Structure formats: structure tokens, C-alpha cells
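Structural description and commentary
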Amino acid sequence: MKKTIVFLFFILLSVFVVNAQGDDSNANPKNWRYNLKPGLNYSGSSFRDWFDGGNQLVSMKFNSEGFVNYQNERVIWKNSFLLDHGFTKKRHQKAQINVDKLDFTSSLSLIGKREDFMYTLLFSLKSQFTEGYNYLSSTQWLLQSSFFAPGYIKVDLGIDYIGVENLNIHLSPLSEKTTIVREAFYDKKVVNEFWGGYEPSFYPEEEPQSEYELTEEELLPFETQLETTYEGYGLAWRENSKFEVGPNFRVLYENPELYKFFGVKSRLDAFVSYTELSKPDIDWETWLTINFNDYVAFNINFQLKYDYDVKFQENYIDENGMQAVRNVSKLQFRNFLGFGVSYTFNK
């Protein structure tokens, strides 16, 4: 089934390319536009002989976003990316990741007879750069995610409505979503469970744990436990990929100059598998920017998402009155506020 779907997408892509070739003779550098905007956000606090108490804190976020677009009379090809990585560092504690994002989108559109509509082939990829943890304390970190653990890839064919300025509405009845988890993540997860989150790197160098190499026999009980208790990203333990087919819906509004110095960008993604229509994936993220000049801005970013396949461990009292642990899905929320510096390269 999945091979058939991939084959059909390649056929459709070929049709788009053939239609685009009719206008190659008119291609010139003016058809291309690019934009690159790297930035750095910072916040922090420091204390010295402060009687009321406090803890020194540094929080930094590096981000880079941009696009490379091509357009002629019949075809629009858009490529955009967002790289986001930030951490928080308290005094005498290891740095903790607070945001980690790798996001790439490419769309190839053929303008229809009505200019308000386009036929679009859409590709998107989402993951992260480094390992993500549930920080139970300053020294106890439970491994949750890693690079391409998970990774999400979506390919679909749909229709875009562009009749409203700065607004793009994409609807696809046929979308293929692939969820990927690398084998290396599972290996790391077993080691993390062995140490209970207190990994060797948290111990002083003179302690023997920092040089201790685990054997397969020592890890086997934790491997066996995870085989029965692990629920992550809709995959069974040691499973590396999952394929789903269903409708995909995306709304993007982007206006960097909504009101003089105020800009806004908001994106809503929704997907549901035809085999599990009651379990949608929803991801809504918004960026608000107050620009003081071309280099300094105050940034607000919040994200709200729900994924049935992402599970949280929760304590509860079972029917026998005993304390137990279960895996549940939750509505997730994240926000960021801070001052930052950035510079835009564009053409």
C-alpha cells in the first residue's frame, strides 16, 4: 500500500515538472526570492550578596528561519525552514534544553484557472537536534526524545486557497504521514532507565559510576520492562516506523507588518488517519514580534498541540485501591518571551 502511494506521488510530481517546463524560456533571476533571518534571544538574572535569596539564571535561544522561493506565470515553488534551539542554565547545574526544533516545508503549486486556487504537492519534515528529557530534578533526567526520535514526514496532494492577502489555506484528502524513531534512541533509553535518570555524567569524576560500562545481562531486565510498558509516538518498543494515510489541513497566516512595528505569523496543522478518525493530530503555533528597529525586537512564541500517540506517565489509584502508573495523552502547551537581536538577508 505505502509503495503504491509513494509511486503515485512521484507520478504527480512528474506532471507538475512537465507543466513547469513550458515556461522555462521565461525563467530569469527575478523569478527567485530568498530570505534568511538568524537571531539570538537572551534573558537572565544574577545575584551577589543578595539577602532575599535567588539563583543565577541564563536562558538563551538561537534561531534561524528563511525561505527560497521560485515563481513564474504558472508554477510556485516554496521552500521554508525553521531551526530553533535554546537552553536554560542555573548556577551549579547542567544546562537544560527548553526548545529544540527542526522544521522544513517544501511545496510545489500549479496555479489553476481561478487564480485564487492552486493544486499543491506538499512535503514537510519535523524533528529536533538533540536529546530531550523530562527534568524531574536538577540531576534526574528521563529520556523522552532525540534526533529523529521522533521524526515526522508528511507528503500530500491538495488544493490551496490564496484569495485573502497573507493567508494560505491548504486542504488535502490524501496525505501520507510517516513517524520515525531511530534504533539508537531505544538503546539510549534502556541505559537511561538503568540509571533511573541519574546517568553517569551526573556523578563526580572520582566516582566509579562515571567509568562503568554496562553489560547486556544488567540491561536485560530494563529491556524486558520497556517491552511491556513503553508507549511512544504510536510505535511499539523497538519499532522504527509507522505509516498513516488520511486528510491533512493547514492554515498559514503571515504578515510581518500587520501594524507598523508589529508582525504576526500563525500556523495550524491538523491530520487524522482514516483508520483512527477519533484521534487527530493538532499543532498550532504563533509568533508575535514587536520590532524596535531592524535589529532588536521583543518576541512572543506559543505553541499548542495534541497528539494521541504521545503519552505521559500519570499516577492513579486503580480499582483495588493501589497506586499505579498509566500512560495518557494530554494537550501540550509551550510559550517563550524574550528580547532578541536578528538580521535579515533577503532578495
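Structure's up top.
Presented here is an overview of the structure given in this document. (Residues numbered from 1 in each chain as written. Predicted model: local features only at pLDDT ≥ 70, side-chain atom pairs only at ≥ 80, totals over all residues. Heavy atoms only, no water.)

1. Examining the overall build of the protein
- Of regular secondary structure, the protein possesses 3 helices and 17 strands.
- Here the protein holds 347 residues, and the buried ones make up 37% of them.
- Considering only intrachain contacts with a sequence separation of at least 6, the fraction spanning at least 24 residues in the protein is 59%.
- Total accessible area on the protein is roughly 20900 Å²; 59% of this is exposed by carbon and sulfur atoms. (Helix = DSSP H or I, 4+ residues; strand = E, 2+ residues; numbered from the N terminus. Buried < 20%, exposed > 50% of the residue type's maximum accessible area, 1.4 Å probe, protein only. Contact = heavy atoms within 4.5 Å. Areas by Shrake-Rupley, 256 points an atom, 1.4 Å probe, with all protein chains shown as cover.)

2. Side note on the pairing of strand S10 (residues 241-259)
- Direction of pairing for strand S9 (residues 167-180) relative to S10: antiparallel, over a ladder of 12 bridges. Considered in S10, the bridge of Leu171 is made with Phe249.
- Judged from the 9 bridges that link them, S10 and strand S11 (residues 262-271) form a sheet pairing that is antiparallel. The residue bridging Tyr253 from the neighbouring strand is Ser266, located in S11.
- What sits between the antiparallel neighbours S10 and S11 is a turn of 2 residues, in which Lys260 has the positive phi angle 50°. (Pairing = 2+ DSSP bridges.)

3. Some points on empty space enclosed by the protein
- By the definition in use, this model includes 2 cavities of 30 Å³ or more.
- Forming the walls of the largest cavity are Glu244, Phe271, Val272, Ser273, Glu276, Lys279, Asp281, Asp307, Tyr308 and Asp309.
- For the lining of the largest cavity, the residue count by class is 3 nonpolar, 1 polar and 6 charged.
- There is about 30 Å³ of room inside the second largest cavity.
- Forming the boundary of the second largest cavity are Leu122, Phe123, Ser124, Lys154, Asp156, Asn248, Arg250 and Asp269.
- The dominant element in the lining of the second largest cavity, judged by the number of residues it contributes, is strand S5 (residues 117-127), at 3 residues.
- When the residues that make up the lining of the second largest cavity are grouped by side-chain class, the tally is 2 nonpolar, 2 polar and 4 charged. (1 Å grid on protein atoms, 1.4 Å probe; cavity = no way out; pocket = protein on both sides within 12 Å on 5 of 7 lines; lining within 4 Å. Points joined across faces, edges and corners; volume = space filled by probe spheres on them. Nonpolar A, V, L, I, M, F, W, Y, C, P; charged D, E, K, R; others polar.)

4. A closer look at the pattern of salt bridges
- Under the counting rule described, the total for this entry stands at 19 salt bridges.
- The closest approach of N and O atoms between Arg238 and Asp187, which form a salt bridge, is 2.7 Å. One end of the pair, Arg238, is in the loop between helix H3 (216-229) and S10; the other, Asp187, is in helix H2 (residues 183-194), and 51 residues separate them in sequence.
- Here Asp187 falls in the partly exposed class, since its relative accessible area comes to 41%.
- One continuous salt-bridge network, built from bridges that share partners, spans Asp103, Lys126, Arg250, Arg267, Asp269 and Asp283. (Salt bridge = Lys/Arg side-chain N within 4 Å of Asp/Glu carboxyl O.)

5. With respect to H3
- Counted at 1.5 Å a residue, the expected span for H3 with its 14 residues is 20 Å, and the 20 Å between its end C-alpha atoms agrees.
- All of the buried residues along H3 are Leu219, Glu223 and Leu226.
- Each element contacted by the buried residues of H3 is listed here: H2. (Expected span 1.5 Å × (residues − 1).)

6. Points about the nonpolar core
- One finds Val181, Phe185, Tyr186, Tyr230, Tyr233 and Trp237 to be the most contacted residues of the largest nonpolar core, which totals 16 residues.
- Counting only elements with at least two residues in this core, the list comes to strand S7 (141-145), H2 and H3. (Core = buried A, V, L, I, M, F, W, Y, C linked by side-chain atoms within 4.5 Å.)

7. Quick look at a nonpolar patch on the surface
- There is a patch of nonpolar side chains on the surface, built from Trp32, Tyr34, Leu36, Val68, Trp77, Phe292, Tyr295, Val296, Phe339, Val341, Tyr343 and Phe345 and spanning about 1100 Å² of accessible area.
- When residues of the nonpolar patch are assigned to their parent elements, the largest contribution, 3 residues, is made by strand S1 (residues 32-45).
- Take Phe292: it is sitting in the loop between strand S12 (281-291) and strand S13 (296-307).
- Classification of Phe292 as exposed rests on a relative accessible area of 52%. (Patch = residues over 30% accessible without salt bridge, like charges linked within 9 Å, V, L, I, M, F, W, Y side chains within 5 Å.)

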